[in-house]
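Observations on chain architecture
So you can see what is in the structure, the chains are spelled out below.
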Amino acid sequence: MKFLFTTTVAAVLSIASASDRELSSYCPGSVRVESTVIPYADYVKFQLPQATEYCMQSVKITDVVDGADSPTYSTVTYANGFNQTMCEGKGTWTVRPEFEASGGLTTEEKYLCDVASVVLPSAKKSYLALLADGVVPGESFKDRVQSIVSDLDVSKFAPVNGGFLSFLSLTSEEYDSLSNLADTFSAVQPVLDSLKVAPIVSSAPADSPIRISTDAGWDSSVFKTEIEAFVSANEATYCSSDGCAAALSEFSSFGSDIVITGLEDAAAFATAIVSDATMGPKVFQIEADLPIFMHNEEAAWITQSGNKTDHTPFWDHGITGTGITVGAADSGLDHQSCYFFDSNKAVTFSNDPQLNVGIWEDTGHRKVVQYVGYAGNDEGENGGHGTHVVGSILGDRVDDVHDGMAYNAKIAFYDIGVANAEYLNVPGNLATDMFPYAKRVNALLHSNSWGSASNSMTGDARQVDQYSWDNQDFLVLVAAGNSGGDGSSQFPGSLGAPATAKNCVSVGATSNGDEDNDLAYFSSRGPAYDNRIKPDVVAPGYFISSANSVTNPTDNHCSSVGMAGTSMATPVTAGIAALAQQYFENGWYPSGTRKGSDGFKPMGALLKAVLINGGQRLTTSMANYQGSSFPNFDQGHGIVELDATLNFADTFKEQGLYVRGDFANMPSFSSSSDAPVTEKFTSTGTSCVPDGQTKEFRATLVWHDYPSATSTSKSLVNDLDIKVTGSDGNVYFPNGGSGRDDTNNAESVVFTPTEGVEYTVEISANTVTQGPQPYAYVVSGCFSSPDRPEDGGGGGIFGGGGIDTDLLMYIGGGGGALPPPSFLI
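Here goes a summary of the coordinates provided. Nothing here was measured: the structure is a model prediction, and the numbers come from that model.

Considering the side chain of Ser494
Position of Ser494 among the secondary structure elements: in the loop between β19 (475-479) and β20 (505-510). Residue contacts for Ser494: discarding those within four places in its chain leaves Ser483, Gly484, Ser524 and Arg525.

Notes on the sheet that holds strand β26 (residues 677-682)
What the four strands build is an open sheet, ordered β26-β31-β28-β29; its pairing is antiparallel. What marks the edges here is a single partner per strand, and that holds for β26 and β29 (731-732). When strand β28 (residues 719-726) meets strand β31 (residues 758-767), the two strands line up antiparallel, connected through eight bridges. The residue bridging Asp721 from the neighbouring strand is Ser764, located in β31.

With respect to the environment of Thr363
Within the secondary structure layout, Thr363 lies in the loop between β14 (357-361) and β15 (368-373). Given a relative accessible area of 58%, Thr363 falls into the exposed group. Along the primary structure Thr363 and Asn442 are separated by 79 residues, whereas in three dimensions their C-alpha atoms are 9.9 Å apart. Residues in contact with Thr363, not counting those within four places in the same chain, are Val369 and Lys410.

Here's the deal with the nonpolar core
Formed by 95 residues in total, the largest nonpolar core has its most connected members in Phe584 and Phe697. With eleven residues, helix α17 (residues 566-585) is the single largest residue contributor to this core. When residues no more than four places from it in sequence are discounted, the contact partners of Phe584 are Tyr589, Asp598, Gly599, Phe600, Pro602, Leu606, Leu607, Val610, Leu646 and Val659. In terms of nonpolar packing, the next biggest core, distinct from the first, is built from 38 residues, Ile200, Tyr238, Ile260 and Phe269 among them.

Observations concerning a negative patch on the surface
Side chains of Asp20, Glu22, Glu34 and Glu108 sit close together on the surface and give a patch of like negative charge. For Asp20, a relative accessible area of 73% translates into the label exposed.

Observations regarding the packing of aromatic side chains
Where two aromatic rings form a pair, the distance of their centres and the angle of their planes describe that pair. Here the structure, examined in full by the defined rule, presents 37 aromatic pairs. For the ring pair Trp469 and Tyr706, a centre distance of 5.1 Å and an interplane angle of 80° mean the geometry is edge-to-face. Of the two residues, Trp469 sits in helix α16 (residues 459-470) while Tyr706 sits in the loop between β27 (697-702) and β28, which places them 237 residues apart along the sequence. An identical accessibility class is assigned to Trp469 and Tyr706; each is buried. A centroid spacing of 5.3 Å and a plane angle of 80° characterise the contact between Tyr521 and Phe522, whose relative ring orientation is edge-to-face.

Digging into the sheet that holds strand β17 (residues 443-448)
Strand order in this open sheet of nine strands is β13-β14-β15-β16-β12-β17-β19-β20-β21, and the pairing throughout is mixed. Whereas interior strands pair on both sides, the edge strands pair on one side only; in this sheet they are β13 (350-352) and β21 (537-540). Each neighbouring strand pair of the sheet contributes to a mean axis angle of 30°, computed without reference to strand direction. As judged from the four bridges shared by β14 and β15, these two strands associate in the antiparallel manner. In the sheet register, Glu361 faces β15, and the bridge partner there is Gln370. Strand contacts of helix α18 (residues 604-613): β17, β19, β20 and β21, with the helix running at about 45° to β19, the strand carrying the most contacts.

Some details on helix α4 (residues 107-116)
The buried fraction of α4 is high, at nine of ten residues. Taken together, the buried positions of α4 are occupied by Thr107, Glu109, Lys110, Tyr111, Leu112, Cys113, Asp114, Val115 and Ala116.

What counts and how
- Residues numbered from 1 in each chain as written.
- Predicted model: local features only at pLDDT ≥ 70, side-chain atom pairs only at ≥ 80, totals over all residues.
- Heavy atoms only, no water.
- Helix = DSSP H or I, 4+ residues; strand = E, 2+ residues; numbered from the N terminus.
- Contact = heavy atoms within 4.5 Å.
- Pairing = 2+ DSSP bridges.
- Buried < 20%, exposed > 50% of the residue type's maximum accessible area, 1.4 Å probe, protein only.
- Core = buried A, V, L, I, M, F, W, Y, C linked by side-chain atoms within 4.5 Å.
- Patch = residues over 30% accessible without salt bridge, like charges linked within 9 Å, V, L, I, M, F, W, Y side chains within 5 Å.
- Areas by Shrake-Rupley, 256 points an atom, 1.4 Å probe, with all protein chains shown as cover.
- Salt bridge = Lys/Arg side-chain N within 4 Å of Asp/Glu carboxyl O.
- Lys, Arg positive; Asp, Glu negative; His and termini not counted.
- Charge placed at Lys NZ, Arg CZ, Asp CG, Glu CD.
- Phe/Tyr/Trp six-rings, centres within 6.5 Å; stacked < 30°, edge-to-face > 60°.
- Axes fitted to C-alpha atoms, helices over the stretch in contact; angles between N-to-C directions.

Following this line, the structure appears as C-alpha cells:
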C-alpha cells in the first residue's frame, strides 16, 4: 500500500516524549499558541476525512445477483471510517505515516506542531472553525459574523460532540478577525494541506477516479480551467494512454466537485494538486471514487399485508400503480420484453442536448415513458440486472405471472450500464444529471440498486440528500448492499454508499415466501458511518422472480428469472411506495374509501414515514445480530408491511390513522423557537386487529434534512424530535431510546398502549440552522379522535360516533423512499 502525502510543514526537535509539554519546547517553528488549536482528542472525535487516524477495513462483497447456485466473493481493503470504536473487530486502526510517533514526538504533538506552524497566505485558504460552548449558528450569530465574512453559510456548521464545527474559506484578514471573537469561536485553525487528501485515495485502486472538492468561495469554472491546464501539462506523468478527463459538478450549497478520470496514479496526482501553490489553497478535500457495483409473487403479499398468504388488499382495491411513474437507474432495460413492450409504440431515440446521449420520451407508451441512454440504449445481455429490477417494480405480463408490485405504473429509466461490463457508468452529479430527468415526466420515486462499498458520505450520497432537500416531493430508494455476511459470519457496518444518504430509504433484504421472517445473510448492515440507523427497512430480496432480458430480443418475448440481492428488495419497496403514493393521490385518505377531492400529492418524507411506520420486526438472531433493541442496525425498522399503516373502510382492521405531509401545504419549523406541534389520541386498547394480534401505537416522524458536507462526522443538520406522553405519566421516546434522538432524521415511537389512556404526540424543533425545515409524520394504532390540527397538510378523520371527518382516519369502528465506477448490488 502506498501513502503519498505532502510533507509536514513544521520543523520539530527530536526530544523525549512528554504528554504535557509546552508547544514551544518541541515546536520552534510555531506561529500561534496551543490554546488556538483544537485539542487533539476533540479533533479525533470529530471523525473528519481530514483525519490523522482512520480505520482500514476489509469488505467482502457477495455477488448473488446472477442467480448462481452458490455466491461468489471479492474482498476490498480500504480506508473506511474514522470512528475508533466502530473499527474494533472490523478493521485495523491506522495512523497516517507522517503522524506516527517518532523522533521523540507523539502523534498528538506532531498534529499540534503542524497546525501551529502553518504560515498563512494572504489569499483565501480552508480553515476549520469550532464554535465556543453554548454558541448556536442561528440568526444572531449570522448577523455578527457576516459583517466579517459576507458569504458565510451557517448551514455548514454541523453539530458534533455537543458543539458546532465548520470548514470556511477565509482570507488571512478574515481569519484574524474571527480568531479575535473568543466568545464566539473556541478555535479557528488552518486545514493542513497533507490532510486534504483523504486516506481512501491511497488505499483505493491506483486508477480510481478522484473527486476534488472546492468551497463555494471559489470560482469553480476558473478552478476547473486550472485543473485542466495542470492535467494537460502533466498528462505523461499521471494519466493513462487514453488521457485524463475532468468533469465539473456544481452544488447550490457546497461549491463544486471536479471528478478526474483516466489516472494511472491517483495518490500521486492528488498530492501534486494540494502541493500546488495556486490550486492547493482552493482544495477543500480530495477523495477517491470507489468502484460502484450492481449490488415476484410472494413479495407482493408479504409487503402489502404481511400475515396472509396471497392477500393483496391494495391490488384488491384497484391500487396497482395506475397514474404513477417511477424512476430507476440501472444496467439497462430490455424494453422489448413482454413485461414492458407496447406494440403501438416502439422505443426509439433522439439526441439529448444536455447529456449528448440518446433519449426516448413518450408518456403515451404502455410502460416506458422515458429512457435516458446515458451508457447505452438497451440491456444488451442475457439475464440483465436492470430488466429484472424494473420488472419487480412495475412489470406487467398479459398472463399476470411474476408481475411487479405496482404493475400498472410506468417507468422513467436511466441507463448506467454497458453490456457485460463489471462496473457502472454513473453521472458525476445525480442531482443535476439524473434525478431531474425522472421528475420532468412526473416520476417522484427513484429506485437505485447499485452502489460502492464505502460506508461514508460520498459525493453520490450528498447529491441524493441535496436533491431530496430541494425537491421535498421526491423520494430516493437505494439498495443497502450485499456485503452483510458470507453465510458463516456477519459484517456490521457493511452498508455502502449512496445508501448512506440520510434522506433516502436504504433497503436491506429478507428471504422470500414462507421464509420472509429472516434477514438474508448477504444483506448489508448498519450502522451508517455516523451511527445512524441503516438500513431503514427490509423487504423480500432472496431469489425474486421477475423479467429476464436476452442478448438479441424479439418483440414481446416473455421470460422470467430468479435473482437475489438487496438489488431485488429495493425495487420491491419502490413498487410498494408507488402504491402508497397512489393511495394518497386518489383520495383514499382520510375516509378509507376513494374520494378524488380528498387526494393530495404526498411529500417524499411522508412516503418514507409510511414505509417505516408499518415495519414489522424480524425476530431471528440473524436479524438481531447487533443487539436486541428495535429498530436496529441489522433490519432497521423491520420488513415493509403497507397495510400495517394504510387501510380501507371495508376491511376488518379497525385501526386509526393520522398523517401530515401534503406537499402543497407542508408543515415546517423555521427555527428552534417555534412552538411544538401536539396531537392527542385516546387509546381504545390493542384489539382493533383480529386473531388475537396486538396493535401497537406507532408515531413516525421523517424530514428531508438540509444536506451536510462530505467532511462532517455527523450528517444531521436540522434536528427535530418526536415523543409520546401518556396521561398515565409514561413517556415514550423514538427509535428504542430513553431520550431524544440527535442522530437520525427518521424517528419512530412504538409501544403497546393502555386502553383509555390519552396519548399526546409532540413534534418539536431542537435545532434548525437552515430553515424552514419541512417534515411529515404518521400516527397509527387503536385510538379515537385527536385534537383538531391548527393547519392542514393531510390530517383527517374517518369513523362513527361523531368523530370529525376532517381529522382522523379510523378504519372500521363506526363507519367504515460521475460517482465512482459502480457495481450493481
